[in-house]
Amino acid sequence: MSKSIRATAALAAVLASAPILSSATSPAMAWEPTKPVEIVVAAGAGGASDQMARMMQAAIQKNNLMKAPVVVSLKGGASGAEALIYMKSSDGDANKVLIAYSLIYMLPLSAKIPFNWRDLTPVSVVAMDQFVLWDNASGAKTVKEFIAAAKAASSPFKMGGTGSKREDHVLTVFMEKQTGAKFSYLPYKSGGEAATQLVGNHTEANVNNPSENLEVWRAGQVRALCVFDKERISYKTKVTETQSWNDIPTCKEEGLDVQYLMLRAMFLPGKVTPEQQAFYVDLFEKVTKTAEYKDYMEKQALKPIFLKGPEMLKFLEEDDALNKSLMTEAGFVAK
Amino acid sequence: MSNTDLEIIVEDPTAPEDDSPSVVSTHTIEIIVSLVLLALAIALGFDNWRTGIAWDSTGPQPGYFPFYLSVILGGASLYGLITTLFARSGGADTFVTRAQLRRVALVFVPTALFCLATQFLGIYVASFVLIAGFMRMVGKIALWKSLLTAFVFTAIMFVTFDVAFDVIMPKGPIESALGR
Amino acid sequence: MEAFGLLMHGFAVLMTWKIISLMVVGLVLGIFVGVLPGLGGPNGVAILLPLTFTMDPTSAIVMLSCIYWGALFGGAITSILFNIPGEAWSVATTFDGYPMAQQGKAAEALTAAFTSSFIGSLVAVLLITFLAPMISSFALKFGPPEFFAVYLLTFCSFVGLGREAKHKTVISMALGLLIAGIGMDTVSGTLRMTFGSTDLLRGINFLVAVIGLFGISEILLTMEERLALRGHAAKISLRTVLKVWMDLPKYWATLLRSSVIGCWLGITPGGAIAASFMGYNLAKRFSKDPESFGKGRIEGVFAPETAAHASGTAALLPMLALGIPGSGTAAILLGGLMVWGLNPGPLLFVEHKDFVWGLIASMYLGNVVGLVIVLTTVPIFASILRVPFAAVAPMIVVSCAIGAYAIQNAMFDIWLMLGFGVVGYVFKKIGIPLAPFTLALVLGSRAEDAFRLAMIGSGGSVGVFWSNGLVGTITTLAITLLFWPVIDKAFSGVGRMLRPMAQTP
């Protein structure tokens, strides 16, 4: 398959470039950053990526995992493309680390941004984010009722989401294809905005990540209809008065066979040395073992996962291919 | 609290003379600005027309608003151009006198050079050179005062942004030689 | 009186030496960043935010909000003394504040500015205190059509009420809206007007443009003048303060009107900038003697300052209650809340009572302490004036460059700042107003997104802007204001018609 060939090629490229670059730098045994390290966020303030970056900053500083200070750089311009271009133009600078999500596959396709994640140095996948179908607390109570209401409505149901031709939009298109109901997709600038607009009844539903709708869910203003995953979320602590994350059925259980998970992964710019890469792999592995990380995962209902090295490359190639096929099928690939 | 007013008197030995000849009239500049804006409106209008200016089922396409804004901008510029061309009274106003232009250039040229220097030397070195140079050359302030002021100001900026708050500023070869 | 009890509880939380001293430090830092042109509120708060990461949430938010109050106060100092607005919302303050300073009435202008800042903030804080628990339901009524109607109202009031040549106002606004549209279009996810440049990809940042337009261009303009003229007295004596305060009741209508405009625009995300201009324009419109505005009228300082500060403070309300920041600075404070693990939203009021009411109480205390600090320390901050301009000018240039760079860590922004400096210089000299440009730049993309989201929602029908009482009223009001000059003329009869020349463009 072409997929595995590409993965091998990418891996080979990383391996081949390693000795040349390492010989160029001084023979430092274990590299460690001396300047402040930037965690580059490809989204606006307060979004899921930003919150995660702040959690990592706190986890690193509180547990003394690194001597150099950590700063969070928000580069959410142009729906996150700014961050991608910034990373791409920082070749060899091991003081910048990108907290990436599905935009690394989708943006180059939908907006013809000259970017390829293979130009960056993968560090590790640190979590997987879920998507949940939400509606207003006064709306339909189950997925079936919701779909029936959407079909019966005189004008298409309004579905809120973040950005255009991105994960939220793709999910909406696949829901249409699965059910035959029509939705008009409203792209907001952030998940938070999509959440309040749902509470205010300006949209009928949204497909926010758990973290984006957490507060309004706890306030009893929205209802979680189903989660777009093969299995239920594992956290069983009560979040609202009556429900835990685990109580949300999967969409498949409810007869809506759509699944999507989004990666949260760390990348260094291209052309860094293997020592530098190794330092960050180790750093983020330590981060995933901190109490802050574990607490955050549960609070935001993220799926903990840690992938590095060839395992990560394989995952990225497969995930890329999957996203590409979804985008193509949804008709979002720019000509 | 005393009731005396603070009189702040600053000498200005290089002030522009009042009788300096005019370099260019406001009339001419208005025409130039109108033409530049018109050209900009056409360039942007064309780019947006290419992006798509139709009104489809989901409302206007991405180029719709900017396209019509370009049209409005172009129209207003054209209106300005025509009224300026036909107005007779506007011709005599001075946009800038020679002496004024010299003073403006005195600030603008160093500022532009400073921006260029920042790109290669980093912001701190460029700041030091700009402040010291400007005070010495333009303000005719004693060399030691100029150097000291520039150094103190740059050092405060460095400590505030780079040391205390970890705000990342552009840096050049000197900083990296010092290990920052 | 539930709110009152909670407020008292909030004061109890604050009354520790640690918090009071943090407050003073925050205020002084805030005034400092407010005075430095090109640093300003949002930027200053953003840069100082990391300072607070090690503190507990209550201390941190108290310090941050005090930096915010300080910056609000400080912005007035440079506007009045230097004619350089430290903040975009201080622009309107320069219209009359600077002429007053030139006439040797700097102390009065400063006192007026600080006092009206205080009054505006106080009215807004009172509003927050009693409205906070209720606001959630009202603000939720705002969907895309309502947002667009509010933006439309702001734009229309500008064209309709502005005194400059109409085509110049239109040029300024259209240019601002166009520049705001550069980069990625959120609604369709496509790039536009970037001409293949990766630097233009992220769009043109509003603050960068403001730093260039007001900071750099002002230095260029200042250099044209004989600088020896710039000796303004700035010490504020107790007598001046009392004199201005004695006059306050005369201006109750202006103060009240501006407070209301400010609170309204602060809660609906129109922002402090729009509020300050609307406050100014309306004071001028309702004045018996509108011609004297712009020539050093104290009312021209009261009106925009009260409105800007009422709005700046009120902007915190939707942020706390809903998590929608009403202003740039509020957006940064919102980022801060999340660093400390507090999710802004309706539940914040239930789960973190100490925090919310501590913050609200700190707004009262911070404003009182701020007023005292600022009235007594103006000579220190104003002493920047005594330093030769040849030393100040390069320092301002450096501060502007640092500010412009720090916003997005981009070298390109320093060049943009320089470009906008030239644009500002030329525009000011040929009478193209910069205020509509600034406003269009900051609201442009939001207005467009709101319009298009409304269109998607309604299936392309413009009728959605009259679909309910709230949005219909705002839209109608906006259109009325746009054609105000025509309506004004129609109503005022033959008497006005005989002297149309009096309304010079």
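The rules behind the values
Residues numbered from 1 in each chain as written. Chains lettered and ligands numbered in written order. Predicted model: local features only at pLDDT ≥ 70, side-chain atom pairs only at ≥ 80, totals over all residues. Helix = DSSP H or I, 4+ residues; strand = E, 2+ residues; numbered from the N terminus. Contact = placed C-beta atoms within 7 Å. Pairing = 2+ DSSP bridges. Axes fitted to C-alpha atoms, helices over the stretch in contact; angles between N-to-C directions. Parallel < 35°, antiparallel > 145°, perpendicular 65-115°, else oblique. Left-handed = near helix turned anticlockwise from the far one by under 90°. Nonpolar A, V, L, I, M, F, W, Y, C, P; charged D, E, K, R; others polar. Buried ≥ 20, exposed ≤ 12 C-beta atoms within 10 Å, placed from the backbone. Expected span 1.5 Å × (residues − 1). Domains from an automatic or database assignment. Core = buried A, V, L, I, M, F, W, Y, C linked by C-beta atoms within 7 Å. pLDDT = per-residue confidence, 0-100.

Next up on the list: the overall build of chain A. When helices and strands are counted, chain A shows 11 helices and 11 strands. Over its C-alpha atoms, taken along the principal directions, chain A stretches across nearly 70 × 45 × 30 Å. When contacts within chain A are restricted to residue pairs at least 6 apart in sequence, those whose partners lie at least 24 apart make up 77%.

Residues and elements named next belong to chain A. Ordered in space as E7-E6-E8-E5-E9, the five strands form an open sheet in which the pairing is mixed. Unpaired on one side and paired on the other, strand E7 (183-188) and strand E9 (222-227) mark the two borders of the sheet. Alignment of strand E6 (residues 157-162) against E7, held across six bridges, turns out to be parallel. Bridging from a neighbouring strand, Thr162 pairs with Tyr188 of E7. Against the sheet, helix H5 (residues 143-152) contacts strand E5 (132-136), E6, E7 and E9, and its axis sits at roughly 105° relative to E9. Against the sheet, helix H8 (residues 210-218) engages E5 and E9, with an angle of about 145° to E9.

Moving on, we come to the packing of helix H2 (residues 64-86) of chain B against helix H8 (residues 166-180) of chain C. One way to put it is that H2(B) packs onto H8(C) with a least axis distance of 9 Å and a crossing angle of 150°. Classified by the angle between their axes, H2(B) and H8(C) sit roughly antiparallel to one another. The way H2(B) lies across H8(C) gives a crossing that is left-handed. Listed contacts from H8(C) to Pro66(B), Leu69(B), Ser70(B), Ile72(B), Leu73(B), Ala76(B), Ser77(B), Tyr79(B) and Gly80(B) of H2(B) are His167(C), Val170(C), Ile171(C), Ala174(C), Leu175(C), Leu177(C) and Leu178(C). The residue inventory of the contact of H2(B) with H8(C), partitioned by class, reads 12 nonpolar, four polar and no charged.

Before going further, it helps to spend a moment on unusual backbone geometry. Residues and elements named next belong to chain A. For Asn201, which is not glycine, the phi dihedral falls at a positive 65°. Considering the arrangement of structural elements, one finds Asn201 in the loop between helix H7 (191-199) and strand E8 (205-206). Although it is not a glycine, Ala301 sits at a positive phi angle of roughly 55°. Along the chain, the position of Ala301 falls in the loop between helix H10 (291-299) and strand E11 (303-308). Residue classification places Ala301 among the buried residues on the basis of 22 C-beta atoms within 10 Å.

All right, on to H8(C) then. Between its first and last C-alpha, H8(C) extends 21 Å over 15 residues, near the 21 Å set by a 1.5 Å rise per residue. Of all 15 residues making up H8(C), 13 are buried, and the element is well covered by its neighbours.

The side chains of a regular strand alternate, residue by residue, between the two faces of the sheet. All names here are of chain A. Along strand E2 (residues 70-74), the buried face is formed by Val70, Val72 and Leu74; none of Val71 and Ser73, which line the opposite face, is buried. Sheet analysis places strand E1 (residues 37-41) next to E2, joined by five bridges and oriented parallel. Within E2, the residue paired with Val41 across the bridge is Leu74.

The next point concerns the packing of helix H2 (residues 48-62) of chain A against H10(A). Two quantities define a packed helix pair, namely the angle between the axes and the distance from one axis to the other. All names here are of chain A. Relative to each other, H2 and H10 sit at 155°, their axes nearing to 9 Å. It follows that H2 is roughly antiparallel to H10 by the angle criterion. Residues Met55, Ala58, Ala59 and Lys62 of H2 form the contact with H10, whose participating residues are Glu292, Tyr293 and Tyr296. Taken together, the residues of the contact of H2 with H10 sort by class into five nonpolar, no polar and two charged.

Bringing the domain arrangement of chain A into the picture now. One frequent convention defines the size of an interface as the accessible area lost when the parts assemble. Residue and element names in this part refer to chain A. As far as domains go, chain A holds domain 1 (2-129 + 261-330) and domain 2 (132-247). The C-alpha-based centres of domain 1 and domain 2 are spaced at 28 Å. Residue-level contacts link 19 residues of domain 1 with 19 residues of domain 2. Broken down by secondary-structure element, the contributors of at least two residues to the side of domain 1 that touches domain 2 are H2, helix H4 (103-110) and helix H11 (309-330). When the residues that make up the side of domain 1 that touches domain 2 are grouped by side-chain class, the tally is nine nonpolar, eight polar and two charged.

Attention now moves to the environment of Val71(A). Along the chain, the position of Val71(A) falls in strand E2. Along the backbone, Val71(A) and Asp319(A) are 248 residues apart, and their C-alpha atoms lie at a distance of 29 Å.

Residue and element names in this part refer to chain A. In spatial order, the strands read E2-E1-E3-E10-E4-E11; together these six strands make up an open sheet with mixed pairing. Two strands lie at the open edges of the sheet, namely E2 and E11, each paired on one side alone. Between one strand axis and the next, the sheet turns through 20° on average, direction left out of account. Bridging between E1 and strand E3 (residues 96-100) involves four bridges; their strand directions are parallel. Its bridge partner lying in E3, Ile39 is registered against Val97. Its contacts with the sheet place helix H9 (residues 274-287) against E3, strand E4 (121-129), strand E10 (262-268) and E11, and it is angled at close to 20° to E4.

In this section: the nonpolar core. Core analysis: the biggest nonpolar cluster contains 293 residues, and Leu98(A), Phe267(A), Leu110(C) and Met417(C) have the highest contact counts within it. Among the elements that take part in this core, helix H4 (residues 57-81) of chain C stands out by supplying 16 residues, more than any other. Once you skip the residues sitting within four places of it in the chain, Leu98(A) turns out to touch Val40(A), Ala42(A), Ala83(A), Met87(A), Leu120(A), Met266(A) and Phe267(A).

The subject of this paragraph is the confidence of the model for chain C. All names here are of chain C. Summary statistics for chain C give a mean pLDDT of 76 and a share of 77% for residues scoring 70 or more. Least confident of the elements in chain C is helix H3 (residues 40-48), whose mean pLDDT is 58; most confident is helix H19 (residues 411-430), at 91. In the predicted assembly, ipTM is 0.89 and pTM is 0.75.

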